[in-house]
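So you can see what is in the structure, the chains are spelled out below.
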Amino acid sequence: MRIEALLASVAVVVLLGTVAAATLVTGFVADPGPDEPPARLDVAETTLSAGEVTGETATLDVTTYVRHRGGPAENVTVVVRATDAESGLVADTTSRELGAVRDEGEREVSLSVTVPREGGYEVSTILYVDGQRVDTATASVSGVEALEPPRTRTSVAFHQFSDRPSVEYRIASADGDRVTLDVTSYLTNGGDDPESGLRLVVTARHADAYVVADRAETSVGTVEPGLTASPSVQVTVPDDNNYYLDATLWRDGVVLESTRAAANLDPEETISVNETRREIEFEAGDFETGDGGAPDREMETETGAESQPGFGVGAALVALVGSLLAARRWSA
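Some remarks on the sheet that holds strand 14 (residues 228–229)
Strands pair in a sheet through their backbones, by hydrogen bonds, and they do so in one of two ways: parallel or antiparallel.
Stage number 1. Taken in spatial order, the 3 strands make up an open sheet running 8-11-14, and their pairing is antiparallel. Of all the strands in the sheet, just strand 8 (156–158) and strand 14 have a single pairing partner and so form its edges.
Stage number 2. Where strand 8 lies against strand 11 (residues 187–189), 3 bridges are found, and the strand directions are antiparallel. In the sheet register, Ala157 faces strand 11, and the bridge partner there is Thr188.

Quick notes on the nonpolar core
Stage number 1. Among the nonpolar cores identified, the biggest contains 28 residues, and Leu181, Val183, Val220, Val237 and Leu249 are the most heavily contacted of them.
Stage number 2. Of all the secondary-structure elements, those providing two or more residues to this core are strand 8, strand 10 (178–185), strand 12 (199–206), strand 13 (212–219), strand 15 (232–238), strand 16 (242–251) and strand 17 (254–264).
Stage number 3. Not counting the four nearest positions on each side in its chain, Val237 is found in contact with Asp177, Arg178, Val179, Leu181, Ala204, Ala213, Asp214, Tyr243 and Leu265.
Stage number 4. Listed in part, the 23 residues of the second largest apolar core include Ala73, Val76, Val115 and Leu127.

Focus: unusual backbone geometry
Stage number 1. The backbone phi angle of Asn75 is positive, close to 55°, even though this residue is not glycine.
Stage number 2. Among the secondary structure elements, Asn75 is positioned in strand 3 (residues 73–84).
Stage number 3. Notably, Tyr210 is not glycine yet its phi reads approximately 65°, a positive angle.
Stage number 4. With respect to the element layout, Tyr210 can be found in the loop between strand 12 and strand 13.
Stage number 5. According to the relative accessible area criterion, Tyr210 is partly exposed, its value standing at 42%.

With respect to the pairing of strand 17
Stage number 1. Where strand 16 meets strand 17, 10 bridges bridge the pair, whose relative direction is antiparallel. Note on strand 17: the bridge partner recorded for Tyr243 is Ala263.
Stage number 2. Here strand 16 folds back onto strand 17, and the loop between the two strands holds 2 residues, one of which, Asp252, carries a positive phi near 55°.

Let's talk about the pairing of strand 13
Stage number 1. Pairing of strand 12 with strand 13 involves 7 bridges; the strand directions are antiparallel. Opposite Ala204, over in strand 13, you have Asp214 as the bridge partner.
Stage number 2. The hairpin formed by strand 12 and strand 13 contains 5 residues between the paired strands, and Tyr210 there has a positive phi angle of roughly 65°.

Criteria and cut-off values
Residues numbered from 1 in each chain as written. Predicted model: local features only at pLDDT ≥ 70, side-chain atom pairs only at ≥ 80, totals over all residues. Heavy atoms only, no water. Pairing = 2+ DSSP bridges. Helix = DSSP H or I, 4+ residues; strand = E, 2+ residues; numbered from the N terminus. Core = buried A, V, L, I, M, F, W, Y, C linked by side-chain atoms within 4.5 Å. Buried < 20%, exposed > 50% of the residue type's maximum accessible area, 1.4 Å probe, protein only. Contact = heavy atoms within 4.5 Å.

Laid out in structure tokens, this is it:
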């Protein structure tokens, strides 16, 4: 019994010494603290928007919302890949390293991919943690060719009337066999911002031969939102012919909009924009702009073309072929 009592006394002394050491020495027993759950990350949402657009490429801005729950995650990386929807070929890939993610909640990650401005694409967002893929989200985009470069964008367009074209004319003056037309175009700004730097070009084109009789241009000026501008130009053409008035809107050397109206100056014939009801005789000499004056209209088409420095034999041949085809059509 003495041995058991001695051992019990030693055990008590050791226990008391341990308690005393734990009380007096800091860190002798570490606080285990609460157990942390494992990290969980996923792609909550992705959105696409159009970025910079050029004549050949379009940049797609991809915003990814990464959701984090649980404990910290190390070496987090987001990869965005654009794949051609038709061929399956990868068009572009980009990535961003987020490093260590500790705070719970969602965080926004912005990346961009640049693709050819055509067709459609599958845009995949891939989430990696320590080199392992943990989640993937895919979004689709189509009709990329509809994205326009800034230089070709405009909210100004030729006004669409219900009963008349957006280009009209009046006879400003007549001098012998030539007539001057005052041509007015109606341009409406359907956007929210003013538009400026616009230039209007009006071309008078012979209805049958398609020869340019005259061309004029003017600056449109600033068109305020919701308002309509009505710039006018004058073109001078031979009388007793019919013409197409082609109005083209330009900015910085780029065609933005175009439209067409008919100018009926022949008292015996009427044309519309889409059709001609009968053929008319065309003589290239009528359009000569030199000092020699207009040639005699009774001259044969071939003779007049050979003697004039204006449109020459080519235009006369085009007119002759057009007249023969039209005559065959009307005789059928």
